[in-house]
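# Architecture and fold: a report
What follows is the residue order along each chain.
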Amino acid sequence: EKGGHKHWMSKEIHEQPAVLDASLSHYLADGLTEGPLSEIDLSGVRRVVMVACGTAYYACHVAKYWIEQLARIPVEIDVASEYRYREPPIEDGTLAIFVSQSGETADTLAALRYCKNQARTLAVVNVPTSSIAREADAALPILAGAEIGVASTKAFTCQLAVLACVALKAAADKNRLGPEQITAEGEALRRLPALISTALRGEHDLEALSRNLSEATDILFLGRGAMYPLALEGALKLKEISYIHAEGYASGELKHGPIALIDESVPVIVFAPSDALFGKTVSNMQEVMARGGRVVLVSDREGLAGQSEVWAKVEMPHAPDLWAPLLYAVPAQLLAYHTAIAKGTDVDQPRNLAKSVTVE
Ligand code: F6R
């Protein structure tokens, strides 16, 4: 049933190229002019609000960068348990997006109910028959297939895939990108499943590194731009299944406090593809190394070249800048998985956690 894998989590990590490919084919059919998004007109959207919990919230956090950059629409993100009780004002022209693997998370459902009749509501869910899917004005299934491991993996990347398509559709409807640019970005996005397959072939190296990480009591994750939410996701995944204390920070925030934690005993995992922000992240990395911190740099060949001071390197294939977060989810997942295996914890059923949080 687990297809030769020891755990559901491992099976689901390895399913990602196939499920992502299917999801992207579905949503990108004929350059967005066919398929489920063709029926959704985003030309009148003036603001986007995105609400979710946990890993699904981090998918929203990545999508904020995409929608703001591609469609130039301001995006507010919030965790559902805060959003629902904050009762924020909702402006005309708001599109409210609720992201949930299960579609049953109590706080996310309550936030959706709060927004109904005030905003257009869109659900991005894995379970099309779920409450959140049924109660929203429209639902976009992520097509990840059943996710059994408690730690969300393939649902996260499939959420990212669907939200990337929503960002492209918003850019098209807002006339920010022409049809050729949409096609080009869509094609770039469709390369991600193959790049993820390549990254998965590097699993063995991550396994060795994870044995080392399993000795640590605290681990930091850093990233800039759309890699910042990946740092948060990497830390969440690691703490939930290995029980090692981990925190994710925006690289630029390091000097505003967390740098006080750095010494030889604290591994610092840096997600930094060689994009426009790379140089900035390298200077943050140097600040860490100057204090004896052990940096694990996750980057592409270009980014890793010349970084001889780092403690460990994890090589990713080169990805299109915009869509790199889908690829960098893989080392985040594999590091958490193998660190947990090295510690001997139950990765599919971590203590204190439930797959679907239907109570607040
Ligand atoms: C983390 C994880 C949780 C869920 C969160 C939301 O690996 O699985 O953080 O992402 O409980 O669940 P859904 O997406 O079902 O609303």
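Use the structure listed above.
Computed from a predicted structure; not experimentally measured.

### Considerations on the pattern of salt bridges
- Taken as a whole and judged by the stated rule, the model has 17 salt bridges.
- Between Lys355 and Glu147 there is a salt bridge; the shortest N-O distance is 2.6 Å. Of the two residues, Lys355 is situated in the segment after helix 14 (324–343) and Glu147 in the loop between strand 5 (138–141) and helix 7 (154–173); the sequence distance between them amounts to 208 residues.
- Accessibility expressed as a relative area gives 28% for Lys355, which makes it partly exposed.
- Classification of Glu147 by relative accessible area gives buried; the value is 7%.

### Description of the nonpolar core
- One finds Met50, Trp66, Ile97 and Trp323 to be the most contacted residues of the largest nonpolar core, which totals 99 residues.
- With 14 residues, helix 7 is the largest single contributor of residues to this core.
- Those residues in contact with Trp323, other than ones at most four positions away along the chain, are Trp66, Leu70, Ala164, Leu168, Glu185, Ala188, Leu189 and Leu192.
- One finds Ile259, Val288, Val295 and Leu297 within the second-largest nonpolar core, a separate group that totals 18 residues.

### Overview of the packing of helix 7 against helix 14
- Their axes nearest at 10 Å, the elements helix 7 and helix 14 cross at an angle of 170 degrees. Taken together, the axis directions place helix 7 and helix 14 in an arrangement best described as roughly antiparallel. Along its contact with helix 7, which presents Phe156, Thr157, Leu160 and Ala161, the element helix 14 presents Pro325, Leu326, Ala329 and Gln333.
- Its residues placed into classes, the contact of helix 7 with helix 14 shows six nonpolar, two polar and no charged.

### So, helix 10 (residues 203–213)
- When we look at burial in helix 10, the residues that qualify are Glu203, Leu206, Leu209, Ser210 and Leu213. End-on, the buried residues of helix 10 take up no more than an arc of 120 degrees, which puts them together on one face. When the buried face of helix 10 is taken as reference, the exposed residues oriented beyond 90 degrees from it are His204 and Asp205.

### Considerations on the site of the ligand
- Surveying the vicinity of the ligand reveals 13 residues, the closest of which are Ser100, Gln101, Ser102, Thr105 and Glu240.
- Ser102 is positioned such that a nitrogen or oxygen atom in its side chain is 2.7 Å from an oxygen atom of the ligand.
- Val150 places a main-chain nitrogen or oxygen 3.3 Å from an oxygen atom of the ligand.
- A total of 410 Å² of accessible area belongs to the ligand in isolation, and the protein chains cover 89% of it.

### Points about the sheet that holds strand 6 (residues 218–223)
- Judged by pairing direction, the sheet is parallel, and its five strands sit side by side in the order 7-6-8-9-10 without closing on themselves. Strands with a single pairing partner mark the edges of an open sheet, and in this sheet they are strand 7 (245–250) and strand 10 (312–316). Strand after strand, the sheet turns through a mean of 20 degrees between neighbouring axes, direction not considered.
- As paired strands, strand 8 (residues 267–271) and strand 9 (residues 294–300) are joined by five bridges and run parallel to one another. Residue pairing across strands places Ile269 opposite Val296, the latter belonging to strand 9.
- Packing of helix 10 onto the sheet brings it into contact with strand 6, strand 8, strand 9 and strand 10, and relative to strand 10 it is tilted by some 145 degrees.
- Along the sheet, helix 11 (residues 227–242) makes contact with strand 6, strand 7 and strand 8, crossing strand 7 at roughly 175 degrees.

Calculation notes
Residues numbered from 1 in each chain as written. Predicted model: local features only at pLDDT ≥ 70, side-chain atom pairs only at ≥ 80, totals over all residues. Heavy atoms only, no water. Salt bridge = Lys/Arg side-chain N within 4 Å of Asp/Glu carboxyl O. Helix = DSSP H or I, 4+ residues; strand = E, 2+ residues; numbered from the N terminus. Buried < 20%, exposed > 50% of the residue type's maximum accessible area, 1.4 Å probe, protein only. Core = buried A, V, L, I, M, F, W, Y, C linked by side-chain atoms within 4.5 Å. Contact = heavy atoms within 4.5 Å. Axes fitted to C-alpha atoms, helices over the stretch in contact; angles between N-to-C directions. Parallel < 35°, antiparallel > 145°, perpendicular 65-115°, else oblique. Nonpolar A, V, L, I, M, F, W, Y, C, P; charged D, E, K, R; others polar. Arc of directions from axis to C-beta. Near = heavy atom within 4 Å. Polar contact = N/O pair within 3.5 Å; in protein donor to acceptor, adjacent residues only side chain to side chain. Areas by Shrake-Rupley, 256 points an atom, 1.4 Å probe, with all protein chains shown as cover. Pairing = 2+ DSSP bridges.

Worth remembering: the numbers are spatial, not functional.
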